[in-house]
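# Remarks on the overall topology
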Amino acid sequence: MMSQFDVIALGELLIDMTDNGMSGQGNTLFEANPGGAPCNVLAMLIKLGHKTGFIGKVGDDLFGRKLKGVLNEVGIDSSNLCMDKECRTTLAFVETKKDGDREFSFYRNPGADMMLKKADINTKVLEKTKIFHFGTLSMTHEEVREATKYAVEYAKKSGAIVSFDPNIREPLWDSMELAREQVEYGLSQCDILKISDNEIEWLTGETDYNKGVEKIKERYAIPLILVSMGKEGSRAYYNDIMVEKRAFVRKDTIETTGAGDTFMGCVLHKVLMSGLENFDAKKLEEMLEFANAAASIVTTRKGALRVMPEQKEIQEMIRG
């Protein structure tokens, strides 16, 4: 297979309305940042020299046209981005708490990203990618769930490595039981899993992440599992190896939106560079250090998609 793309991602592309201080009248100011986890991952990969493409749907409206423009601007192939005349582009209002945590409020009933259909999937592009990446925001509703599963299974059958980040956003699910079912589907399909500390606790009931990963591995044969632990750093589990690297904690952090996606983009970069079969403890440590450093840089910037770090910056951060 001649791969035309290094990574194709499917999922949500939306506007993150991020809290940007107060107006003179004391009202909250929101800044319209292009967002959506899958494209954040792709934007990081572009900075590292990879060819990427996106499958998804936005409204044929002011925000949808802006988003298509941003994909073109950062270099993500947008030829499989559908524009829906009936539905509006999804908005996510993000409030950052004093401790840096975030609260999300979604305007998506329905939003265009939910309206992606199986018929919208161009299978040709899935035959031409080395890695296919997805999450669960494209699995909250029946029609888009069917489209996602169709794409996952087609990419897998075509020989792509499948990468999965659950990225659970509780307000978007009718029930957390339904969310669990979709996460379990993702676990059953993926070769690379990135899961956050709170997601692993929710999924496995374990606060000891080693035990949580053990539970996942008992049921699913996933070669590479990454656990992101915020300020505590990250871990990688590969066959019988576990490595952990501390985070690069910075005083100038302003928000954590996109940090996990930046981390994921760097992980996929290392997989593309060395192949999924060829990791040892040293390579895993280098991967985590690189991914942690990049994620740390992004926390000092507003938004994510447009402001991913360059390889040189990441290497300077590691040396510094």
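For the structure itself, consult the block above.
Here we summarise the structure given alongside this text. (Residues numbered from 1 in each chain as written. Predicted model: local features only at pLDDT ≥ 70, side-chain atom pairs only at ≥ 80, totals over all residues. Heavy atoms only, no water.)

## With respect to the packing of aromatic side chains
This structure, assessed with the given rule, holds seven aromatic pairs. Counting every residue linked through ring pairs, the aromatic cluster contains F30, F93 and Y107. Taking the ring centre of Y150 as reference, the NZ or CZ of K118 above it sits at 4.8 Å. Lying across the ring of F248, R246 places its NZ or CZ 5.5 Å from the centre. (Phe/Tyr/Trp six-rings, centres within 6.5 Å; stacked < 30°, edge-to-face > 60°. Lys NZ or Arg CZ within 6 Å of the ring centre and 35° of its normal.)

## What to know about the sheet that holds strand β2 (residues 14–22)
One open sheet holds the four strands; their spatial order is β3-β2-β6-β7, and the pairing between them is mixed. The open sheet has two free edges, formed respectively by β3 (28–35) and β7 (102–107), since each of these has just one partner strand. Each strand of the sheet is rotated relative to its neighbour by a mean of 30°, with strand direction disregarded. (Pairing = 2+ DSSP bridges. Helix = DSSP H or I, 4+ residues; strand = E, 2+ residues; numbered from the N terminus. Axes fitted to C-alpha atoms, helices over the stretch in contact; angles between N-to-C directions.)

## Some thoughts on the pattern of salt bridges
What the rule picks out here adds up to 16 salt bridges. In this structure, D120 and K57 form a salt bridge, with 3.0 Å as the shortest nitrogen-oxygen distance. Within this pair, whereas D120 is found in the loop between β7 and α3 (123–126), its partner K57 is found in strand β4 (residues 52–59), the two being separated by 63 residues in sequence. For K57, a relative accessible area of 7% puts it in the buried group. The residue R108 makes a salt bridge to D113 at a minimum N-O spacing of 2.7 Å. The exposure class of R108 is buried, given its relative accessible area of 10%. Bridged by salt links that share partners, the residues K57, D84 and D120 form one connected network. (Salt bridge = Lys/Arg side-chain N within 4 Å of Asp/Glu carboxyl O. Buried < 20%, exposed > 50% of the residue type's maximum accessible area, 1.4 Å probe, protein only.)

## Things to note about the packing of helix α1 (residues 37–47) against helix α8 (residues 259–274)
When two helices pack together, their arrangement is given by the angle between the helix axes and the distance between those axes. Where α1 contacts α8, the two axes come as close as 8 Å, and the packing angle between them is 50°. When the axes of α1 and α8 are compared, the pair comes out oblique. Judged by the twist between their axes, the crossing of α1 over α8 is right-handed. The residues of α8 that touch α1, namely those facing A37, N40, V41, M44 and L45, are D261, T262, M264, G265, C266, L268, H269 and L272. Along the lines of polarity and charge, the residues of the contact of α1 with α8 split into eight nonpolar, four polar and one charged. (Parallel < 35°, antiparallel > 145°, perpendicular 65-115°, else oblique. Left-handed = near helix turned anticlockwise from the far one by under 90°. Contact = heavy atoms within 4.5 Å. Nonpolar A, V, L, I, M, F, W, Y, C, P; charged D, E, K, R; others polar.)

## Topic: the nonpolar core
In this structure, L13, I76, I192, L224, L226 and M287 are the most contacted members of the largest nonpolar core, which totals 53 residues. Among the elements that make up this core, the one with the highest residue count is helix α9 (residues 281–298) (ten residues). Apart from residues lying up to four places away in sequence, L224 is in contact with D191, I192, L193, Y237, Y238, V267, V271, L276, F279, L284 and M287. Grouped together as the second largest cluster of nonpolar side chains are 43 residues, V125, L126, W173 and I225 included. (Core = buried A, V, L, I, M, F, W, Y, C linked by side-chain atoms within 4.5 Å.)

## Thoughts on α8
Helix length check: α8 (16 residues) gives 23 Å between terminal C-alpha atoms against 22 Å at 1.5 Å per residue, within 8%. Burial analysis of α8 places twelve of its 16 residues in the buried class, which makes it a mostly covered element. Turning to α8, its buried residues are A259, D261, T262, F263, M264, G265, C266, V267, L268, H269, V271 and S274. Of the residues one or two after α8, G275 is the one with positive phi, at around 80°. (Expected span 1.5 Å × (residues − 1).)

## Overview of the sheet that holds strand β13 (residues 241–245)
Ordered in space as β5-β4-β1-β8-β9-β10-β11-β12-β13, the nine strands form an open sheet in which the pairing is mixed. The sheet is open, and its two borders are formed by β5 (77–84) and β13, each paired with just one other strand. With strand direction ignored, the average angle separating the axes of adjacent strands in the sheet is 15°. α1 rests against β1 (5–10), β4 and β8 (129–134) of the sheet, and its axis sits at about 145° to β4. Against the sheet, α8 touches β1, β8, β9 (161–164), β10 (192–196), β11 (224–228) and β12 (234–238), its axis set at about 160° to β10.

## Things to note about unusual backbone geometry
Cis rather than trans, the peptide bond between N109 and P110 has omega equal to -5°. By secondary structure assignment, the location of P110 is in the loop between β7 and α3. The backbone phi angle of N239 is positive, close to 50°, even though this residue is not glycine. By the element assignment, N239 lies in the loop between β12 and β13.

## Remarks on the state of the cysteines
Applying the stated criterion across every chain, the model contains zero disulfides. Between C39, a cysteine without a disulfide, and C82, which holds the nearest cysteine sulfur, the sulfur-to-sulfur distance is 13 Å. Cysteine C266 shares no disulfide, and the gap to the nearest cysteine sulfur, in C39, comes to 16 Å. (Disulfide = S-S within 2.5 Å.)

## Notes on the pairing of β1
Burial of β1 is extensive: six of the six residues sit out of reach of the surface. As judged from the four bridges shared by β1 and β8, these two strands associate in the parallel manner. What sits directly across from A9, in β8, is H133. The pairing of β1 with β4 spans four bridges and is parallel. Across the sheet, the residue bridging to I8 is G53, located in β4.

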